[in-house]
Amino acid sequence: MAAFRSPSRLPRSRFGFTLIEVLIVITIVGILLGTAIPRVGTSVRRDRVNRAAMVAQGMIDEAALFAARRRAPVTVTLSGSFLRISDRASSSVLRQRSFGAGQDLNAALVISPSGGVTIFPNGRANAALSLTLSGSGESVVVSRTTTGILRRQ
């Protein structure tokens, strides 16, 4: 007769994880998320303001291109939360962008001089432009000299 083996002597195959292993992994993941989330939030806020500053810088650069192409002065102004490029003679709006709440570029803008700046076809302006964008504790300044040099700080 064949020998009968008891079930306790059969090799056991191990499936799954023990409760202790699962709890250790959950604890480690929780600690990592707890340290990473505040950093991600700060990075997202900084990136929003930087993106708004890049758009504003592009619009100021575009104003000089409009003036050169049209061979007529254009004005860069701030009206509420709208940054506008308009024809100086007719006051018609050539381009505008909203930086207000609920928009993808949510930033508060302050322009200096407050009446805006006129950019002439030769690339020069009647005054130096300073545009401060701020939001969620971050702040970026976009400036343009009278000779056309753009800087972002």
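Structure: see above.
This structure is a prediction, so every number in the text was calculated from the model and none was measured. (Residues numbered from 1 in each chain as written. Predicted model: local features only at pLDDT ≥ 70, side-chain atom pairs only at ≥ 80, totals over all residues. Heavy atoms only, no water.)

*Asks:* Explain the sheet that holds strand β4 (residues 108–112) to me, please; I cannot follow it from the model alone.
*Replies:* Sheet strands pair by backbone hydrogen bonding; their relative direction is either parallel or antiparallel. Read across the open sheet, the four strands follow the order β4-β6-β7-β8; overall the sheet is antiparallel. Looking at strand neighbours, the two that pair on one side only are β4 and β8 (150–152), the edges of this open sheet. Here the strands of the sheet are splayed against their neighbours by 15° on average, with no regard to which way each runs. One ladder, built from three bridges, connects strand β7 (residues 138–144) with β8; its direction is antiparallel. Bridged to S143 within β8 is R151. The strands touched by helix α1 (residues 19–70) within the sheet are β6 (129–135), β7 and β8, with β7 carrying the most contacts at an inclination of about 15°. (Pairing = 2+ DSSP bridges. Helix = DSSP H or I, 4+ residues; strand = E, 2+ residues; numbered from the N terminus. Axes fitted to C-alpha atoms, helices over the stretch in contact; angles between N-to-C directions. Contact = heavy atoms within 4.5 Å.)

*Asks:* Explanation requested: the pattern of salt bridges in the structure shown.
*Replies:* Between side chains of opposite charge, pairing is possible as soon as their charged atoms come close. Under the counting rule described, the total for this entry stands at two salt bridges. E62 is paired through a salt bridge with R95; the nearest N and O atoms lie 2.8 Å apart. Separated by 33 residues along the polypeptide, E62 in helix α1 and R95 in strand β3 (residues 93–98) bring together distant segments of the chain. For E62, a relative accessible area of 22% translates into the label partly exposed. Its relative accessible area of 37% is what places R95 among the partly exposed residues. D87 is the partner of R70 in a salt bridge, and the nearest nitrogen-oxygen pair spans 3.0 Å. Of this pair, R70 sits in helix α1 while D87 sits in strand β2 (residues 82–87), placing them 17 residues apart in sequence. (Salt bridge = Lys/Arg side-chain N within 4 Å of Asp/Glu carboxyl O. Buried < 20%, exposed > 50% of the residue type's maximum accessible area, 1.4 Å probe, protein only.)

*Asks:* Before we go on, may I ask you to explain the nonpolar core in this structure?
*Replies:* One broad trend across soluble globular proteins is that nonpolar side chains are buried collectively. Membership of the largest hydrophobic core comes to 28 residues, with the highest contact counts inside it found for V74, L83, F99, L109, I119, L131 and L133. Of all the elements in the fold, those that place two or more residues in this core are α1, β1 (74–79), β2, β4, β5 (117–119), β6 and β7. For this core, the element with the most residues is α1, which contributes ten residues. Setting aside residues no more than four positions away along its own chain, L109 makes contact with L78, L83, F99, L131, T132 and L133. (Core = buried A, V, L, I, M, F, W, Y, C linked by side-chain atoms within 4.5 Å.)

*Asks:* Help me understand unusual backbone geometry in this model?
*Replies:* Trans is the common state for peptide bonds, and a negative phi is the common state for residues other than glycine. For the peptide bond that leads from S112 to P113, omega is 5°, which places it in the cis range. With respect to the element layout, P113 can be found in the loop between β4 and β5. If you check the backbone angles, R71 has positive phi at about 55° while not being a glycine. Summarising the element assignment, R71 is placed in the loop between α1 and β1. Given the relative accessible area of 73%, R71 is considered exposed. The backbone of S91 shows a phi angle near 60°, a positive value even though the residue is not glycine.

*Asks:* Whenever I open this one, the environment of A127 confuses me. Can you help?
*Replies:* Within the secondary structure layout, A127 lies in the loop between β5 and β6. Spatially, the C-alpha atom of A127 lies 6.2 Å from that of V117, the residues being ten residues apart in sequence. Look past the residues within four positions of A127 in its chain and what remains in contact with it is P113, V117 and T146.

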